[in-house]
Amino acid sequence: MAATVPVALAALLAAGGPAAAGPAHAPAGHTAPGHAAARTTGSVGAGDPYFPLAGNGGYHVEHYDLTLGYDPDSGHLDGTAVLTARATQRLARFDLDLKGLDVTRLTVDGAPAVFRRDGQELVVTPRTTLPKGHRFRVTVAYDGTPEAVTDPDGSDDGWIPTDDGAFVAGEPQGAMTWFPANNHPTDKSSYDFTITVPQGHTAVANGLYLGSRTAAGRTTFRWRQPEPMAAYLATATVGEFQVERYTTRDGLEVYNAVDPREAADAASVLKKLPSVLEWESKLFGPYPFRAAGAVVDHARSVGYALETQGRPLYDSAPSLSTLVHESAHQWFGDSVSVTRWKDIWLNEGFATYAEWLYTEQHGGRSAQDRFDALYESPAGDELWEFPPGDPGSGGNIFASPVYNRGAMALHELRRAVGDPAFFRILRDWAAGHRHGNGTTAQFTALAEKVSGKDLDRLFHTWLFTKGRPDTP
Ligand code: TRP
Ligand code: ZN
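Residues numbered from 1 in each chain as written. Chains lettered and ligands numbered in written order. Predicted model: local features only at pLDDT ≥ 70, side-chain atom pairs only at ≥ 80, totals over all residues. Heavy atoms only, no water.

Right, let's talk about the overall build of the protein chain for a bit. Per the secondary structure count, the protein chain includes twelve helices and 22 strands. Over its C-alpha atoms the protein chain spans a radius of gyration of 23 Å, differing by no more than 12% from the 23 Å that the globule rule assigns to 472 residues. With respect to the principal axes defined by its C-alpha atoms, the protein chain has extents near 70 × 65 × 40 Å. Buried residues in the protein chain amount to 56% of all 472 residues. Taking as baseline every contact in the protein chain between residues at least 6 positions apart, the subset at least 24 positions apart corresponds to 68%. For the protein chain, the accessible area works out to roughly 18500 Å², and carbon and sulfur atoms hold 51% of it. Considering the protein chain, the positive charge centre built from 41 side chains and the negative charge centre built from 56 side chains are found 8 Å apart. (Helix = DSSP H or I, 4+ residues; strand = E, 2+ residues; numbered from the N terminus. Rg over C-alpha atoms; globule rule 2.2 N^0.38 Å. Buried < 20%, exposed > 50% of the residue type's maximum accessible area, 1.4 Å probe, protein only. Contact = heavy atoms within 4.5 Å. Areas by Shrake-Rupley, 256 points an atom, 1.4 Å probe, with all protein chains shown as cover. Lys, Arg positive; Asp, Glu negative; His and termini not counted. Charge placed at Lys NZ, Arg CZ, Asp CG, Glu CD.)

Written out as structure tokens, the structure is:
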């Protein structure tokens with residue numbers, strides 16, 4: 001290691017000397033070549049192999065304050081984002097994620113900062129290096145015509161224009177199409193939204209509805225998401241919606257926005273939202289947020305629903321199963337979020353299994369029946385293409401093995417440990433990682449701890465082995 005020291009020192013001096021770069025205080029031998037500069041530069045990504053540029057290193061965003069204006073006719077968006085963040089290292093430079101749009105002004109702690117665009121990275125050099133632990137404020141003014149991102153699986157996400165507004169769904173990458181973000185689920189933050197749209201349109205974001213005001217033909221809607229939220233779960237969906245508001249007997253504030261073209265089909269399912277959330281609360285523990293609801297848009301070409309935090313987003317009137325699925329995500333996905341996209345079965349396998357449980361406990365098919373039917377899928381079926389615990393790439397995270405085989409893995413766990421331990425595991429998982437993140441390894445360790453059983457083989461077979469397992 002000693003041989004590396006001169007190299008590191010050279011880099012350090014090139015970076016402006018010990019005073020500017022800092023690592024002169026690092027213990028001898030710990031400074032690898034090239035690291036001297038890295039010590040004051042936030043990384044370009046959060047370290048997720050499926051989406052290497054998603055998120056950034058070097059800071060944590062505590063709060064986003066987003067002020068947006070959208071004109072559905074022209075598709076023009078203007079925004080001011082104020083991020084309150086904390087440096088987790090000395091920062092001479094850091095990145096935000098922002099794709100498309102023009103940045104017109106950028107300040108750090110009120111002082112104009114140098115910035116440049118490099119693909120989806122917005123590279124910011126503050127006027128002075130931020131000390132580790134420093135809380136700072138980044139203000140970004142921007143505008144333009146947002147464009148959705150096309151994901152590796154061919155689906156669009158982000159700001160998706162509709163015939164009366166926009167369907168705004170950010171999983172996994174699309175948050176950066178409408179606001180500058182630390183765009184990875186490991187960085188969770190509270191949010192305020194102020195969104196102005198033409199009168200007659202409604203802008204629906206996450207969390208609590210704070211009110212609206214109309215002036216000069218435009219209406220401004222204010223929303224607050226007080227609990228931590230991953231950027232991909234943020235929305236600012238715009239449309240000509242029918243709105244319904246009420247408070248449940250558990251004190252949840254419900255706000256539903258429904259496209260009138262979907263209202264007749266959506267009504268009976270939406271009426272069940274409070275009872276679905278109550279049923280899930282009994283199974284999974286207390287509902288993790290103060291606000292609830294749904295946005296039912298008329299945008300079938302999107303092709304999916306999303307568990308936007310507190311208020312899932314549907315591209316058309318949902319089935320009861322889909323409502324149960326997106327509601328279950330509030331515990332599994334939204335409150336407990338993945339640490340790496342590879343762990344996506346912790347979201348989709350759980351939400352799918354919630355559908356099975358709901359049917360089973362409401363006079364329908366048993367979960368065993370669902371499992372058996374899927375197990376009959378021939379060896380060449382898509383279901384067995386890859387194991388749910390290791391999808392292999394970002395293009396596979398929403399494929400059948402993640403959803404269905406993920407649910408099958410949970411069913412096998414339930415059979416192995418019995419109902420009391422199984423439901424205890426689900427509740428402990430939701431409680432232990434509430435408003436945070438979890439990994440597959442943490443989940444399997446919890447399952448073994450709660451059940452007192454060695455579950456290595458079961459998880460190895462159902463989560464990590466390719467192909468159809470020999471024995472169910
Ligand atoms: N997570 C969504 C669900 O509830 C599905 C989803 C989000 C999706 N983004 C997607 C599916 C992109 C396909 C492509 O299941
Ligand atoms: Zn899902």
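Further remarks concern the coordination of the zinc ion (ligand 2). Coordination of the zinc ion (ligand 2) by the protein comes from His325 (NE2), His329 (NE2) and Glu348 (OE), over a distance range of 1.9 to 2.0 Å. In primary sequence terms, the donor set of the zinc ion (ligand 2) follows H-x3-H-x18-E. Here the residue His329 occupies a position in the loop between helix H6 (320–328) and strand E21 (336–338), and Glu348 occupies one in helix H7 (residues 345–361), the gap between them amounting to 19 residues. The two residues His329 and Glu348 agree in class, both being buried. (Donors = N, O, S within 2.8 Å, 3.2 Å for Na, K, Ca; no water.)

This next bit is on the environment of Gly47. Topologically, Gly47 is positioned in the loop between helix H3 (35–38) and strand E1 (59–71). The exposure class of Gly47 is partly exposed, given its relative accessible area of 48%. Considered as a pair, Gly47 and His184 are 137 residues apart in the sequence and their alpha carbons are 9.5 Å apart.

Our next topic: the site of ligand 1. Residues in contact with ligand 1 amount to 13 residues; listed here are only the nearest, Glu171, Glu307, Glu326, Glu348 and Tyr403. One nitrogen or oxygen atom from the side chain of Glu307 is found 2.9 Å from a nitrogen atom belonging to ligand 1. Protein contacts shield 90% of the accessible area of ligand 1, which totals 370 Å² for the unbound molecule. Its residues assigned to classes, the shell around ligand 1 comprises five nonpolar, three polar and five charged. A domain split of the shell around ligand 1 shows at least three residues from each of domain 1 (2–330) and domain 2 (338–464). (Near = heavy atom within 4 Å. Polar contact = N/O pair within 3.5 Å; in protein donor to acceptor, adjacent residues only side chain to side chain. Nonpolar A, V, L, I, M, F, W, Y, C, P; charged D, E, K, R; others polar. Domains from an automatic or database assignment.)

Further remarks concern the nonpolar core. In terms of nonpolar packing, the biggest core is built from 135 residues, with Phe94, Phe136, Trp178, Phe179, Phe193, Leu413 and Phe443 touching the most fellow members. With nine residues, H7 is the single largest residue contributor to this core. A domain-level breakdown of this core finds at least three residues from each of domain 1 (2–330) and domain 2 (338–464). In this structure, Trp178 is in contact with Leu66, Leu68, Leu77, Leu101, Tyr142, Trp159, Val168, Phe193, Ala234, Thr235 and Ala236, ignoring residues within four places of it in sequence. (Core = buried A, V, L, I, M, F, W, Y, C linked by side-chain atoms within 4.5 Å.)

Fair warning: the whole summary comes from geometry, so function is off the table for now.
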